[in-house]
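# Summary of structural features
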Number of protein chains: 4
Amino acid sequence: MNSENFSISEKIVSASYIRQGLQARRSHEQLIRLLLEQGKCPEEGWSESTVELFLNELAVMDSNNFLGNCGVGEREGRVASSLVARRHYRLIHGIGRSGDIAAIQPKAAGSSLLNKLTNSVVLDVLRMAGALRLLDICLYPFRSGLFKSWPSILCAQSESPVVVENLLEGDELRTDLEAVERKIQELGAESVLCVHSTTSCFAPRVPDRLEELSVMCAKYDIPHIVNNAYGVQSSKCMHLIQQGARAGRIDAFVQSLDKNFMVPVGGAIIAGFSEPFIQEISRMYPGRASASPSLDVLITLLTLGANGYKKLLKERKEMYTHLAKEVRKLAEGHGERLLNTTHNPISLAMSLDSLEVRNPDAVTQLGSMMFTRQVSGARVVPLGGEQVIGGHTFRGFMSHSESYPCPYLNVASAIGITHGDVALCMRRLDKCLRSLRKGVGPEEAGPEDTCTEPSLVE
Amino acid sequence: MNSENFSISEKIVSASYIRQGLQARRSHEQLIRLLLEQGKCPEEGWSESTVELFLNELAVMDSNNFLGNCGVGEREGRVASSLVARRHYRLIHGIGRSGDIAAIQPKAAGSSLLNKLTNSVVLDVLRMAGALRLLDICLYPFRSGLFKSWPSILCAQSESPVVVENLLEGDELRTDLEAVERKIQELGAESVLCVHSTTSCFAPRVPDRLEELSVMCAKYDIPHIVNNAYGVQSSKCMHLIQQGARAGRIDAFVQSLDKNFMVPVGGAIIAGFSEPFIQEISRMYPGRASASPSLDVLITLLTLGANGYKKLLKERKEMYTHLAKEVRKLAEGHGERLLNTTHNPISLAMSLDSLEVRNPDAVTQLGSMMFTRQVSGARVVPLGGEQVIGGHTFRGFMSHSESYPCPYLNVASAIGITHGDVALCMRRLDKCLRSLRKGVGPEEAGPEDTCTEPSLVE
Amino acid sequence: MNSENFSISEKIVSASYIRQGLQARRSHEQLIRLLLEQGKCPEEGWSESTVELFLNELAVMDSNNFLGNCGVGEREGRVASSLVARRHYRLIHGIGRSGDIAAIQPKAAGSSLLNKLTNSVVLDVLRMAGALRLLDICLYPFRSGLFKSWPSILCAQSESPVVVENLLEGDELRTDLEAVERKIQELGAESVLCVHSTTSCFAPRVPDRLEELSVMCAKYDIPHIVNNAYGVQSSKCMHLIQQGARAGRIDAFVQSLDKNFMVPVGGAIIAGFSEPFIQEISRMYPGRASASPSLDVLITLLTLGANGYKKLLKERKEMYTHLAKEVRKLAEGHGERLLNTTHNPISLAMSLDSLEVRNPDAVTQLGSMMFTRQVSGARVVPLGGEQVIGGHTFRGFMSHSESYPCPYLNVASAIGITHGDVALCMRRLDKCLRSLRKGVGPEEAGPEDTCTEPSLVE
Amino acid sequence: MNSENFSISEKIVSASYIRQGLQARRSHEQLIRLLLEQGKCPEEGWSESTVELFLNELAVMDSNNFLGNCGVGEREGRVASSLVARRHYRLIHGIGRSGDIAAIQPKAAGSSLLNKLTNSVVLDVLRMAGALRLLDICLYPFRSGLFKSWPSILCAQSESPVVVENLLEGDELRTDLEAVERKIQELGAESVLCVHSTTSCFAPRVPDRLEELSVMCAKYDIPHIVNNAYGVQSSKCMHLIQQGARAGRIDAFVQSLDKNFMVPVGGAIIAGFSEPFIQEISRMYPGRASASPSLDVLITLLTLGANGYKKLLKERKEMYTHLAKEVRKLAEGHGERLLNTTHNPISLAMSLDSLEVRNPDAVTQLGSMMFTRQVSGARVVPLGGEQVIGGHTFRGFMSHSESYPCPYLNVASAIGITHGDVALCMRRLDKCLRSLRKGVGPEEAGPEDTCTEPSLVE
């Protein structure tokens, strides 16, 4: 309410109480002021009540919510279902306009403000996470096809990218710098569109040698794009990018919103060390876009605050150490070992050698069993590059190397993982390995053996 | 947002759009200003967005939502479940304070404002509905036991009320004025605590003769309380009260929130023509009360607006005429008749004489069958004062008269009833009567005969 | 979805995934089954998703949500505003029926189930909290007037209760057992309606001597009602009741929902050691009641689980010790002392002697200053029985004793209090006491001294 | 609840009421069964309660909501903010999987089901809207850049599309078929990638001659893509597509979700007459996508039902006639005319000749004035191809023809438009034209002349 309405209220309820209410309102306004002025993630998270107050204020500024609006265009932000209107906080017009996703939408001052603020807050958080030199970002409401997670590649004029295989160093699969340079020279630097590297990959693969690749790209004057899919959550990955940009050339790095910020699937951030480059990318989007991913990430970051997000990052790191310890212990109990992939700060791999030896089918069976027992996200990779995800076997899919010396199982310590997740996973994995060693596969295992009601059984 | 924050926003999004947003915000503020200034139900209903904006503003003024609050009392409006907090719009402190339900609660300026405004808006709506002289009301968060729906009675010093039976006039059961006066004289007017009359009753009973009773109460100086349970929806009932208060004495009349305003069960309005009397009643409530019924009724009336509510009243009246026509037609088709109870503006009764004659059990069976077929609210009253509600038979319950000459079935045209309700009810009643005439009772009726999926079958 | 719909879904999405979905659904069903079978608070709290699933299922069973319903009664659970319908989870019909709040409502099987389960879960939790012998409870949707918080009293045939003053024992004000017995004999035991005692009171008052009072009530055959307003949160208070019931006579004890279960204001639990007595009380409620308080408490207890609630109780107890330590430290720094009221497990009092000596107005000024600084719930009690709450001075209000030897300030460790609350309160109290000693009262204090934006300033 | 839980409930609440509740639940299940079996938009819209019940059921099937789930992958559908989780109905995993947006996501059976059903329901609605022969669709969570709204063009090997200007026929700008064929022959049919036509355009442009273009594409064996941006709402546009596909070649047609289905901005439907082609397109999306647009459109279509959607289409058509009548009347009153563009079923244009003559700046001023008066969606197009949208002047933007003979103003009758919109727009336009004729421009107009609070002023 404005000050006039507060004054009138003093005639209805004692003035001293109303004034305290006005003062209380100012506290919220003050938080909003700081956000608008600084465009940064607040140190302390906002209460849900401040967040919703702010979103309601934004919605009021969009033309579809004007009390006196009359719409005679073909796109007026009308909504047929009140369930739908409500879940979007009545922000209906989307963001951007024809030809620029970052442009201001005249029919929607509130959504435009939301868009600008979200980009600004996300930029602040990415810097905080380690990309100190970062200059600009663009939030895309979808995962862009340019930036698919392949091993370090070269995009040449040939139709499909040229993949350069990794080198096996100890247990780790890591960038073969010499091979990359050889390939650039072979293709001719002037015909190379860009080098595409990655920070986010499943062990035993480890992040690319970004610093060296960046220096190489600078030397040959080749654009360099980094797939940082879920790397924001790891200070190591962010540091790699920061170092690459300092020492050489990184044009942009791309990350998923959901993987790093605990929001629903559906958006990506394209970040870069050059403002004009990012502005060009934001103009590549052909029209207005959904405001939904921006809304999710803004709510989340305002609610967490910088401190809340840092706490999540810290806990993730600690859980990585815990998970590594637990996997090592379990592996040793089953005659296996935790692969030594210390350059990968998120994903871990445990060998499945002895399982393979006993029973060639057991490795794929393990995948199915884990799926049935509601362990989600564990990947089983048999010899020869198959992979079992969600109980299904994919042959030759995602094999980073054609000939990794042993089958293995992946687990990851991703943002939001809890001690409970690790404990449950270890317990179920232990049970599965035990029954496989006894020769009881998924088919033979009786119903009493399968976790029909996992939360109650365990 | 306050004007300062709008100014800062102009640096982020084009000033002209932000200014339009500010202007849009003022439209909402303007509606709130009118409400605060006049305390009346707005002519046109508010959009849900204005309603929620306003409720959020109120919540911000309550101490449990102060960003800097620290609570060291035994009652601080803390809420354990965010589902609960949200569903109450974070208005947790309730209304009133020890000793007065209408008092301002120092910890909750917002809830106090809500309480005052709701009472004021409801007062306005009751006047609009016909109680022109109304002076004050008090919204109680429960149905008060004083005001149970009995036939016109006299509360004497005896332990239980003295009930004066109605007279049969034509088909109608109506106040026996002579018997009431006789009873007053017999008990001695000075020992009579109050006369309790009613506007809301099931046909063939009709509203009490309020004008005459009011004059009688004035003459003998006896307080007069009217049970107007669901009478706000009928201009006839409201007119009776208005006339009674004009010509004689009515101290208070009581109505349910849910029955008149389409809100959940749980509140009552005590209305009166003397402010001090109502203030005394509001001080009878022993402590803070739930704000939930006030919240429901305020949301509802702001959303409907005066025009929306008037439209509902008008439609109800038209549906009464429609329902009467349909029941008459159906009754005649089955050798029965619509009882002539024109003084009752809401409830109708149809005789079940010929059904009774064929099969003495059929009347109670009809009640069960209607219940099974998802006709809710229809009452079947057999001879001898039994009643079948919801498939169960209550003997001697609610028999307004010990010896009504025929069994009958009640239906009512209450606020919110639709053509669909009437059509479905008539179709199902027709089917039930047909099968009962064929001698097929509820037990014998095969499953194909019962409406297991009524919405799809019909 | 039922099993048929799961089967059809297998044709759309791979059968193995659908089956896993079905299994997942069963986990929720299993939790619901346990609740229905045992009627107890689940050990572990439910996820919000299970809670909402369950509430939706209940709503589906109420006639107002029947897809094929047609309503022709005067009370059909119609709701005009979708905001209102949604916030009540579409449970509109309330609970109980004419003449019994615990009765099943034929139009609302879901709401009736809600009502029964809530009562059962609350009974379980009260037993868990210490009332082991408890037999039955009744949840009332309002605070009942019978049970107002007075000092230990006797309800006699006289119009108002006879209050028996407390005795000063050390710093504590405590039941004067001899005076109570003298008064009973004086009035004649047969003319005493009941004895009313309390566990919940502000220090320096302490809970009544329940065991001795209970024995006395048994001896004289007098009903005994205990006001346990916010005592469920204290094992000491619950133990007092349990001991009283074991050794003597306690007919019922009454507690507020909001004060003990962190829900909005608006309901009370009447608990007793005799089922018929409680059933009688539940029949005293004259009609259907709001389901809103039941809904709040059920959501809260299912979400917390028994373990969550126990944790809250444990934390409250620890915070009491912490608060006492902090108040003692602060008091000593200002030449005051923490009153020695160890029998009161929730409320604490700190003397304000030296403040009074310097400036007779300072004590009431302190109350105003605390209010302005958003310290809510602190009470200042000057000499002569005044009290300052929310910045206002009430003369003679709530003075448990006419002549307590010193002025004092109350703070309480109530359920949900945090370390932050205590720290903020101590800091602000310290500041206020400092400025009052310097002779700077609330009026003189400049704006820079008042906490206009407490969360940001501190 | 499953049948077991219903049985247990019968011990708590009377069996007959519980059985009625079970029956009521079956009605909802029955609706869901029909949807699953037929994959069609239900005839009658579902109640919000059925919709939410169904969405909750879907959410329960996703692994992030499994009570016993333990997540050890990098993407587990964890959500930091409960506001975010709730607004997505806890459907977090998105839809599709690497390499196919239509693929089933193993971690999310519920979201996968949602995805399949939404596509199926949308396919049904598009057929209902006129594309009878439609074979498959793919819902994209963003507007695809391939399908930008240009005048009929040819995508050749040249970097940018070759635009073929329209012909002026009467007032209409319409496809120049001869010029298109000439251009194809000139470029060589084998080097043409596709022809891109459109149904949705601002008057005085009218939909392309789809039938003739389709025949031409078949003759030259060239793919044909139609931009049907907001054409689903018009039976004429849909008929054009249907005829084109019947007589010649249409490979795909693309439409926005928000423009046709009254949902928030953010999704598009790619529809086609060949299943393999659409499947190929759905595989072009590089990863998992947001489920948010699918969720919005499914909620909307289930709530509306086929009948509700048809009613909206019918009303839109009637409003077109009404709008045309009103614009003609207003135009004639101001010495202008409604342009004769009967082939455009949605957009209308009114000449601004006499305005231009009086004052060359008045035309652009009109745009600003309309914006300030909260008329959204009206476009003003001055001579020379400028355009005023939202108060800003764009030079040379969107000029379909370089030299349209007169300046004009556009209004459209789009889905959801109301009589109120038309009336307000006409009143405000009339006022603006009057003040411009008086020589009062936006700057000179006093505040009393500008609609600061349109809803209250008018």
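Residues numbered from 1 in each chain as written. Chains lettered and ligands numbered in written order. Predicted model: local features only at pLDDT ≥ 70, side-chain atom pairs only at ≥ 80, totals over all residues.

Chain A appears in an unreviewed UniProt entry as O-phosphoseryl-tRNA(Sec) selenium transferase from Paramormyrops kingsleyae. Recorded in UniProt under Function (unreviewed entry), the annotation for chain A is "Converts O-phosphoseryl-tRNA(Sec) to selenocysteinyl-tRNA(Sec) required for selenoprotein biosynthesis." (UniProt positions renumbered as here; feature names shortened; annotations may be inferred.)

### Section: the relation of the copies chain A and chain D
Least-squares fitting of chain A to chain D yields an RMSD of 0.0 Å, with the transformation described by 0.0 Å of translation along the axis and a rotation of 180°. The superposition operator between the copies reduces to a two-fold rotation axis. If distances are taken from each C-alpha of chain A to the rotation axis, the shortest is found for R87(A), at 2.4 Å. (Least-squares fit on C-alpha atoms with pLDDT ≥ 70 in both.)

### Describing the interface of chain A and chain D
Taken together, the contact between chain A and chain D spans 73 residues of the former and 73 residues of the latter. At seven residues, helix α11 (residues 292-333) of chain A tops the list of elements feeding residues into the side of chain A that touches chain D. Its residues placed into classes, the side of chain A that touches chain D shows 35 nonpolar, 23 polar and 15 charged. Here strand β1 (residues 70-71) of chain A runs beside strand β12 (residues 375-376) of chain D; their pairing, made up of two bridges, is parallel. When the sheet's bridge partners are listed, G71(A) is paired in β12(D) with S376(D). (Contact = placed C-beta atoms within 7 Å. Helix = DSSP H or I, 4+ residues; strand = E, 2+ residues; numbered from the N terminus. Nonpolar A, V, L, I, M, F, W, Y, C, P; charged D, E, K, R; others polar. Pairing = 2+ DSSP bridges.)

### Here we look at the interface of chain B and chain C
Accessible area lost during the coming together of the parts is what is often quoted as the interface size. Contacts between the two partners involve 73 residues from chain B and, on the opposite side, 74 residues from chain C. Here the side of chain B that touches chain C gets seven residues from one element, more than from any other, and that element is helix α11 (residues 292-333) of chain B. Here the side of chain B that touches chain C is composed, by residue class, of 35 nonpolar, 23 polar and 15 charged.

### What about the packing of helix α6 (residues 177-187) of chain D against helix α7 (residues 210-220) of chain D?
Two packed helices can be described by the angle between their axes and the distance between those axes. Residue and element names in this part refer to chain D. Between α6 and α7, the shortest axis-to-axis distance is 11 Å and the interhelical angle comes to 20°. When the axes of α6 and α7 are compared, the pair comes out roughly parallel. For the pair α6 and α7, the sense of crossing is right-handed. Counted together, L177, V180, E181 and I184 of α6 and E212, L213, M216 and Y220 of α7 form the full contact between these two elements. (Axes fitted to C-alpha atoms, helices over the stretch in contact; angles between N-to-C directions. Parallel < 35°, antiparallel > 145°, perpendicular 65-115°, else oblique. Left-handed = near helix turned anticlockwise from the far one by under 90°.)

### Observations concerning the UniProt feature "binding site: tRNA" (unreviewed entry) in chain A
Residue and element names in this part refer to chain A. Feature annotation in UniProt assigns "binding site: tRNA" (unreviewed entry) to the following positions: R246, R373 and K438. The annotated residues occupy 193 residues of the chain and do not converge on a single region, their most distant C-alpha atoms lying 54.7 Å apart. Residue placement: R246 occurs in helix α8 (residues 235-247). You can see K438 is positioned in the loop between α14 (419-437) and α15 (454-457).

### Considering the packing of helix α3 (residues 48-60) of chain A against helix α5 (residues 109-128) of chain A
Residues and elements named next belong to chain A. The contact between α3 and α5 brings their axes to 6 Å, and the two run at 130°. Classified by the angle between their axes, α3 and α5 sit oblique to one another. Here L58, A59 and V60 of α3 lie close against α5, whose contacting residues are G110, L113 and L114. The class makeup of the residues in the contact of α3 with α5 is five nonpolar, one polar and no charged.

### Some thoughts on helix α2 (residues 15-38) of chain D
The terminal C-alpha atoms of α2(D) lie 34 Å apart, and with 24 residues this matches the ideal 34 Å at 1.5 Å per residue to within 8%. Residue G39(D) follows α2(D) closely and has a positive phi angle near 60°. (Expected span 1.5 Å × (residues − 1).)

### Some words on the domain arrangement of chain A
All names here are of chain A. One can read the domain layout of chain A as domain 1 (1-37), domain 2 (39-305) and domain 3 (352-457). Across the contact, 13 residues belong to domain 2 and nine residues belong to domain 3. Of the residues belonging to the side of domain 2 that touches domain 3, the class tally is eight nonpolar, three polar and two charged. (Domains from an automatic or database assignment.)

### Quick notes on the nonpolar core
The tendency in soluble globular proteins is for nonpolar side chains to be buried side by side. The biggest cluster of nonpolar side chains holds 555 residues, and the ones touching the most others in it are I270(A), I270(B), I270(C) and I270(D). Apart from residues lying up to four places away in sequence, I270(C) is in contact with I137(C), C138(C), Y140(C), A252(C), V254(C), I278(C) and I281(C). (Core = buried A, V, L, I, M, F, W, Y, C linked by C-beta atoms within 7 Å. Buried ≥ 20, exposed ≤ 12 C-beta atoms within 10 Å, placed from the backbone.)

### Details of the environment of G170(D)
Within the fold, G170(D) resides in the loop between β5 (167-169) and β6 (172-174). Along the backbone, G170(D) and N340(D) are 170 residues apart, and their C-alpha atoms lie at a distance of 7.6 Å.

### Notes on the relation of the copies chain B and chain C
Under the fitted operation, chain B is carried onto chain C by 0.0 Å of movement along the axis and a turn of 180°, and the coordinates agree to an RMSD of 0.0 Å. Comparing contact sets, 100% of the residues at the interface of chain B also lie at the interface in chain C, consistent with an isologous, same-surface contact.

### Side note on the pairing of strand β16 (residues 408-412) of chain C
All names here are of chain C. Extensive coverage of β16 is indicated by the burial of five of its five residues. Residues of β16 alternate between two faces, with Y408, N410 and A412 on one and L409 and V411 on the opposite face, all of them buried. Inspection of the sheet shows strand β11 (residues 347-351) paired to β16 by five bridges, in the antiparallel sense. Each residue of the ladder has a partner; that of S347, found in β16, is A412.

### Section: helix α10 (residues 275-282) of chain D
Residues and elements named next belong to chain D. All of the buried residues along α10 are I278, I281 and S282. Looking straight down α10, one finds its buried side chains confined to an arc of 100°; they lie on one side. Every exposed residue of α10 that faces more than 90 degrees away from the buried side is listed here: P276 and E280. (Arc of directions from axis to C-beta.)

### Points about the pairing of strand β10 (residues 268-272) of chain D
Residues and elements named next belong to chain D. With five of five residues buried, β10 lies mostly within the body of the structure. Where burial is concerned, the two faces of β10 agree: the one with A268, I270 and G272 and the one with I269 and A271 are both buried. Two elements, strand β2 (residues 136-140) and β10, share five bridges in a ladder whose sense is antiparallel. What sits directly across from I137, in β10, is A271.

### Quick look at the environment of S294(D)
Residues and elements named next belong to chain D. With respect to the element layout, S294 can be found in helix α11 (residues 292-333). Given 27 C-beta atoms within a 10 Å radius, S294 is considered buried. C-alpha of S294 to C-alpha of M216: the two residues are 78 residues apart in sequence and 35 Å apart in space. When residues no more than four places from it in sequence are discounted, the contact partners of S294 are I95, L114, N115, T118 and L139.

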